[in-house]
Amino acid sequence: LLAGGKLDDEAWEDVEDTLLQADLGVEATTEIVDSLKQRVQVAGVPDEDEVRGWLHEELLKQVNPTMDRRIAATRIDGRPAVVLVVGVNGTGKTTTVGKLARVLVAEDKDVVLGAADTFRAAAADQLETWGDRVGVATVRSDREGADPAAVAFDAVKGGAETEADVVLVDTAGRLHNKSNLMDELGKIKRVIEKQSPIDEVLLVLDATTGQNGMRQAEVFSQAVDVTGIVLTKLDGTAKGGIVVAVQRALGVPVKLVGLGEGPDDLAPFDPAAFVDAVLD
Amino acid sequence: MFTSLSDRLTATFKNLRGKGRLTESDVNATVRDIRLALLDADVALPVVKEFTRGVRERALGAEVSQALNPGQQVVKIVNDELVGILGGETRQLRLAKQPPTVIMLAGLQGSGKTTFAGKLAKLLKDQGHYPLLVAADLQRPNAVTQLEVVAERAEVVCFAPERGNVGGHDAVTESGEGTQSFGDPVWVARAGVGQAKVRGYDVVIVDTAGRLAVDENLMQQARDIRDEIQPDEVLFVIDAMIGQAAVDTALAFQDGVDFTGVVLSKLDGDARGGAALSVASVTGRPIMYASVGEQTKDIEVFHPDRMASRILDM
Ligand SMILES: Nc1nc2c(ncn2[C@@H]2O[C@H](COP(=O)(O)OP(=O)(O)OP(=O)(O)O)[C@@H](O)[C@H]2O)c(=O)[nH]1
Ligand SMILES: Nc1nc2c(ncn2[C@@H]2O[C@H](COP(=O)(O)OP(=O)(O)OP(=O)(O)O)[C@@H](O)[C@H]2O)c(=O)[nH]1
Ligand SMILES: [K+]
Ligand SMILES: [Mg+2]
Ligand SMILES: [Mg+2]
């Protein structure tokens, strides 16, 4: 980082490159580099380790370790908690529902899954396989193209009747620029709310996603009040840096990370570990 | 959000019209604008650097300083260079002289392989071919069922001798090899090609499991499938929303399965799709198809010029 005891342009470019290559985006990167430059200016010529430490601090500040990252997944006011899982196509929604169910079952909770993706080929089968795998029931329709809102409603109703702790509702992947599909998602939410409040809306973002992740987060938040982000596929080379901008712009915390395709590959989001990986 | 690159460059050069030579600092400002636009479009950083170096050289040359509108001239240069890298002319699918033509699909998890298998099958069927889909993803829960449904929608036949991961049991404990397969995908692929020969299908499309660039085992499995069936085309399916990971991913798949062409998926979204430039630039492989929706009909031949405008937001 330091050439001959001082930070030259090349060193600053290295810092910038590291952040850009983690998908932080130009805006967040510029902001972090600028505040780091300011610190260096004020403090005079620091040593290399100190600057590294500061970079870590600046980035951690952006990720905001103080946010509440708990998942609402216990009975509330005598009814099951309701978790709705949303996102664009192929990010890992169904897999996340399966893994989350596994975690909750391990905590001795009664879980019901709702297969409100009635569109994608074999989507309900995929969710049901996950349900069987972790030993929980899946509410689904056998009819392709059935009304997803009705399935979601049935799942939540079923969860209430069996006095479950939590109902996890999987939805079809949809691109945020398709207004009819976003309207459909709004309808799913409204129909569920006829039966029960929704306690958690998780937006699943794929860590390989670039700057488009910001648009996804904005539009999904407008449609269904996202309460948490799940960052999947962090087991690859991608760092998922777009969540820095997303958290900041929307104030919605990353709550969980996906680390593989297996049932145990889900973990709470750890801000310090995230920063370590970005700067690695 | 900034205004389009085209607007910004035109503004940068507004006061220069007719002044003759551009100064170094005019060009630096321009190159910086281009860099930002490309990064915002998710073009991978090493590719951005190489690209802007090339543009910088041309921007300092005579063609710009003598232009009536240097801004527009630079935009044109950028556009030409982009189209050049993305592939001036689209390559057609290579059909085997001796049928069946074998096509293997590969890519990251969730990139759109299975959906694309159905689209390509339908496209080829409509052109008078007789395609067979082969279900060689035995890993992702219900991938085989998914391909069967996809085949039904495309009105083609699906060869699925193994059910894959449907049992509701856990691969980790059952087979002792992590999440790797319930059955042998290499065998399924070979049997699929054999089936096509026996039954007279003239195109075989092999769907494979999603895999990460860093997953050595699964990459080896893909390589084994490739070696076994000797495909005429290996198509790498990549999500248009991907960011900086595009380069690592593309290089790993090139090294792993030496793909012959690229499919850019989910282009019906609003991502600028800089990955197209990254992948084409680092692998030199042509982008052949655009996948533009969830339905069987949503497939297009890739248009480099449209993609260039999209990346630059022009
Ligand atoms: N490596 C890795 N793969 C994952 C992870 N999460 C999901 N996947 C894989 O990504 C692919 C897509 O996952 P799904 O759960 O089907 O994604 P989805 O969002 O439900 O997809 P749609 O319903 O089609 O929109 C599958 O192959 C999963 O096994 C993860 O954390 N790491
Ligand atoms: N909007 C849109 N969605 C697409 C497109 N291609 C695929 N999808 C969707 O993306 C999701 C994943 O597609 P798949 O075909 O299952 O992807 P895959 O690469 O086979 O996934 P794995 O087998 O899990 O690795 C599904 O929801 C598809 O409907 C596309 O071009 N546009
Ligand atoms: K990673
Ligand atoms: Mg799903
Ligand atoms: Mg697939």
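Residues numbered from 1 in each chain as written. Chains lettered and ligands numbered in written order. Predicted model: local features only at pLDDT ≥ 70, side-chain atom pairs only at ≥ 80, totals over all residues. Heavy atoms only, no water.

S.K.: What's the story with helix α2 (residues 24-40) of chain B in this structure? I'm lost.
M.R.: Count 3.6 residues to each turn of an α-helix, and residues three or four apart come out pointing the same way. Residue and element names in this part refer to chain B. Between its terminal C-alpha atoms α2 stretches 24 Å, which fits the 24 Å expected from 17 residues at 1.5 Å a residue. Burial in α2 covers these residues: Asp26, Val27, Thr30, Val31, Asp33, Ile34, Arg35, Leu36, Ala37, Leu38 and Leu39. Just downstream of α2 lies aspartate 42, where phi reads positive at about 75°. (Helix = DSSP H or I, 4+ residues; strand = E, 2+ residues; numbered from the N terminus. Expected span 1.5 Å × (residues − 1). Buried < 20%, exposed > 50% of the residue type's maximum accessible area, 1.4 Å probe, protein only.)

S.K.: What's the story with the site of ligand 2 in this structure? I'm lost.
M.R.: All names here are of chain B. The environment of ligand 2 is made up of 23 residues, and the closest members are Gly112, Lys113, Thr114, Thr115 and Arg140. The contact in question runs from an oxygen atom of ligand 2 to an N or O atom on the backbone of serine 111, over 3.2 Å. Glycine 293 places a polar main-chain atom, nitrogen or oxygen, 3.1 Å from an oxygen atom of ligand 2. Contact with the protein chains removes 97% of the 650 Å² of surface that ligand 2 exposes when unbound. Counting residues per element, the shell around ligand 2 draws most heavily on helix α6 (residues 113-126), at four residues. For the shell around ligand 2, a count of residues per class yields three nonpolar, twelve polar and eight charged. (Near = heavy atom within 4 Å. Polar contact = N/O pair within 3.5 Å; in protein donor to acceptor, adjacent residues only side chain to side chain. Areas by Shrake-Rupley, 256 points an atom, 1.4 Å probe, with all protein chains shown as cover. Nonpolar A, V, L, I, M, F, W, Y, C, P; charged D, E, K, R; others polar.)

S.K.: Help me understand the coordination of the potassium ion (ligand 3), please; the structure alone is not making it clear to me.
M.R.: Metal coordination angles have textbook ideals: 109.5 degrees for a tetrahedral set of four donors and 90 or 180 degrees for an octahedral set of six. Residue and element names in this part refer to chain A. Protein coordination at the potassium ion (ligand 3): the donors are Leu234 (O), Gly236 (O) and Ala238 (O), at 2.4 to 2.7 Å from the metal. Donor residues for the potassium ion (ligand 3) sit on one chain with the sequence pattern L-x1-G-x1-A. The exposure class of glycine 236 is buried, given its relative accessible area of 19%. The exposure class assigned to alanine 238 is buried, which follows from its relative accessible area of 6%. (Donors = N, O, S within 2.8 Å, 3.2 Å for Na, K, Ca; no water.)

S.K.: Is there a simple way to explain the sheet that holds strand β8 (residues 266-268) of chain A in this structure?
M.R.: Pairing between the strands of a sheet is mediated by backbone hydrogen bonds and can be parallel or antiparallel. All names here are of chain A. Ordered in space as β3-β2-β4-β1-β5-β6-β7-β8, the eight strands form an open sheet in which the pairing is mixed. Both outer strands of the open sheet, β3 (137-139) and β8, are each paired with one neighbouring strand and no more. On average, adjacent strands in this sheet sit at an angle of 25° to one another, irrespective of strand direction. Here helix α6 (residues 148-161) sits on the sheet and contacts β1 (81-86), β2 (111-116), β3 and β4 (166-171); the angle it forms with β2, its principal contact strand, is near 170°. Of the strands in this sheet, β5 (200-206), β6 (228-232) and β7 (254-258) touch helix α9 (residues 242-250), which is tilted by about 175° from β6. (Pairing = 2+ DSSP bridges. Axes fitted to C-alpha atoms, helices over the stretch in contact; angles between N-to-C directions. Contact = heavy atoms within 4.5 Å.)

S.K.: Is there a simple way to think about the packing of helix α3 (residues 48-63) of chain A against helix α10 (residues 271-279) of chain A in this case?
M.R.: The packing of two helices is summarised by the inter-axis angle and the distance between the axes. Residue and element names in this part refer to chain A. Where α3 meets α10, the closest approach of the two axes is 10 Å, and the angle between their N-to-C directions is 130°. Relative to α10, the element α3 is oriented oblique. When you trace α3 past α10, the crossing you get is right-handed. The segment α3 lies against α10, with Leu55, His56, Leu59, Leu60 and Val63 engaging Pro271, Ala272, Phe274, Val275, Asp276, Val278 and Leu279. Here the contact of α3 with α10 is composed, by residue class, of ten nonpolar, one polar and one charged. (Parallel < 35°, antiparallel > 145°, perpendicular 65-115°, else oblique. Left-handed = near helix turned anticlockwise from the far one by under 90°.)

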